[in-house]
Amino acid sequence: MTQLVTTEEMQELDQYTMTTIGLSEDVLIERAALAALDVLGAGAYDLSNVLVLVGLGNNGADGIALARLLHQLHIPVSLQFVGNANKAKPAVKHQLQIAEACGVPRSEKSDFKQASLIIDAIFGTGLNKDLPEGLQKMVKAANHIESTVVALDLPTGVNGTTGQIMGAALKAKTTISFGFIKAGVTENPGKKSAGQVLVKDIGIVVPEDFQFSIKEQ
Ligand SMILES: NC(=O)C1=CN([C@@H]2O[C@H](COP(=O)(O)OP(=O)(O)OC[C@H]3O[C@@H](n4cnc5c(N)ncnc54)[C@H](O)[C@@H]3O)[C@@H](O)[C@H]2O)[C@H](O)CC1
Ligand SMILES: [K+]
């Protein structure tokens, strides 16, 4: 049986786990990164030159933590910020500090064609409007050269609740859903962007009396 969630429900469960249960944001980010590493390590992906694209929110924090884990395993990886890193959330800046201390390489403007695998850690459940023009162009360029993309939590550009495309959406080979599968990757057009959808437990706790809006399938 699969329980689907809306992005609002996922955010509520994230908050409950952090504020009521007391699992810290950094622990959830680390578990998300370890869960993604588990998928990447299963042998189905070319890890010869991994490019991690990171946004300014916690989806980006997941990506930076994953880049650090890959680097520590001597896998060739580089981090590229999408957006102004100075405007990033504290959790992102903290992960960046750790990654830099571990020597994770940064790239300003990567050549997607050189990457054997792109990790999409730009937007997750926090996407709340159409992608900025510049990012839409980048997404269309990456889709055009058919880069292999693994999306963390949601493919960037897909509305996690409705499955609508917010201007443009990265086309992923695999989407690694943290905690629960978001409804948006089960409905077209979002479903077409998500590729194979996996779900990985990262320790999210559901309150006894929590009412899911989507019936379990
Ligand atoms: N919340 C948690 O405890 C955990 C979340 N995890 C991961 O984090 C994302 C959700 O993170 P959040 O910071 O809420 O949002 P995003 O990273 O998806 O988005 C970043 C940020 O960007 C702003 N924004 C939204 N839409 C746009 C837009 N079109 N243009 C520009 N900027 C935009 C908005 O302010 C967002 O906050 C979740 O998917 C998980 O991957 C951890 O895995 C676990 C803990
Ligand atoms: K993403």
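Residues numbered from 1 in each chain as written. Chains lettered and ligands numbered in written order. Predicted model: local features only at pLDDT ≥ 70, side-chain atom pairs only at ≥ 80, totals over all residues. Heavy atoms only, no water.

## Examining the overall build of the protein chain
As a reminder, the rule being used: Numbering of helices and strands starts at the N terminus; helices are DSSP runs of H or I of at least 4 residues and strands are runs of E of at least 2. Note that the radius of gyration is over C-alpha atoms, with the globule rule given as 2.2 Å times the number of residues to the power 0.38. Here, two residues are considered to be in contact whenever any of their heavy atoms come within 4.5 Å of each other. Values of accessible area rely on a 1.4 Å probe in the Shrake-Rupley scheme; residue burial ignores everything except the protein chains shown. Neither His nor the chain termini are counted; the positive set is Lys and Arg, and the negative set is Asp and Glu. A charged residue contributes its charge at one atom only: NZ of Lys, CZ of Arg, CG of Asp or CD of Glu.
Within the protein chain, the regular secondary structure consists of 6 helices and 8 strands. Tracing the protein chain from N to C terminus, the helices and strands come up as β-α-α-β-α-β-α-β-α-β-β-β-α-β. Expected size for 217 residues packed as a compact globule is a radius of gyration near 17 Å; at 16 Å, the protein chain falls within 12% of this value. Overall, the protein chain is about 45 × 35 × 35 Å in size when its C-alpha atoms are taken along their principal axes. Partitioning the contacts of the protein chain with sequence separation of at least 6, the portion at a separation of at least 24 is 76%. On the protein chain, roughly 10100 Å² of surface is accessible, and the fraction owed to carbon and sulfur atoms is 52%. Charge separation in the protein chain, taken as the distance between the mean sites of 18 positive and 23 negative side-chain charges, equals 7 Å.

## Here's the deal with the side chain of Thr-6
Definition in use: Polar contact criterion, stated in full: a pair of N or O atoms within 3.5 Å, where within protein one must be able to donate a hydrogen and the other to accept it, and residues adjacent in sequence count only if both atoms are side-chain atoms.
Structurally, Thr-6 is set in the loop between strand S1 (4-5) and helix H1 (7-21). A distance of 3.0 Å separates a polar side-chain atom of Thr-6 from the backbone nitrogen of Glu-9. In this structure Thr-6 touches Thr-161, Ser-213 and Ile-214, once residues within four positions along its chain are discounted.

## Considerations on the coordination of the potassium ion (ligand 2)
Rule in force here: Metal sites are built from N, O and S donor atoms within 2.8 Å, or 3.2 Å for Na, K and Ca, and they leave out water, so they may look incomplete. By the criteria applied here, four donors are tetrahedral when all angles lie between 85 and 135 degrees, four are square planar and six octahedral when opposite donors are over 155 degrees apart and every other angle lies between 65 and 115, and any other arrangement is irregular.
Coordination of the potassium ion (ligand 2) by the protein is provided by Asn-59 (OD1), Asp-120 (O), Asp-120 (OD), Phe-123 (O), Leu-152 (O) and Leu-154 (O), with metal-donor distances spanning 2.6 to 3.1 Å. If you look at the potassium ion (ligand 2), its 6 donor atoms make angles of 60 to 156° with each other, and the shape they trace is irregular. Site description for the potassium ion (ligand 2): donor spacing in sequence, N-x60-D-x2-F-x28-L-x1-L. Here the residue Asn-59 occupies a position in helix H3 (residues 58-72), and Phe-123 occupies one in the loop between strand S4 (117-121) and helix H5 (133-144), the gap between them amounting to 64 residues.

## Description of the UniProt feature "domain: YjeF N-terminal" (unreviewed entry) in the protein chain
In plain terms, the rule: UniProt positions are given in the numbering used here, feature names are shortened, and annotations may be inferred rather than shown by experiment.
Here the UniProt feature "domain: YjeF N-terminal" (unreviewed entry) sits at residues 10-210. Along residues 10-210 one finds 36% helix and 15% strand; the C-alpha atoms at either end are 11 Å apart.

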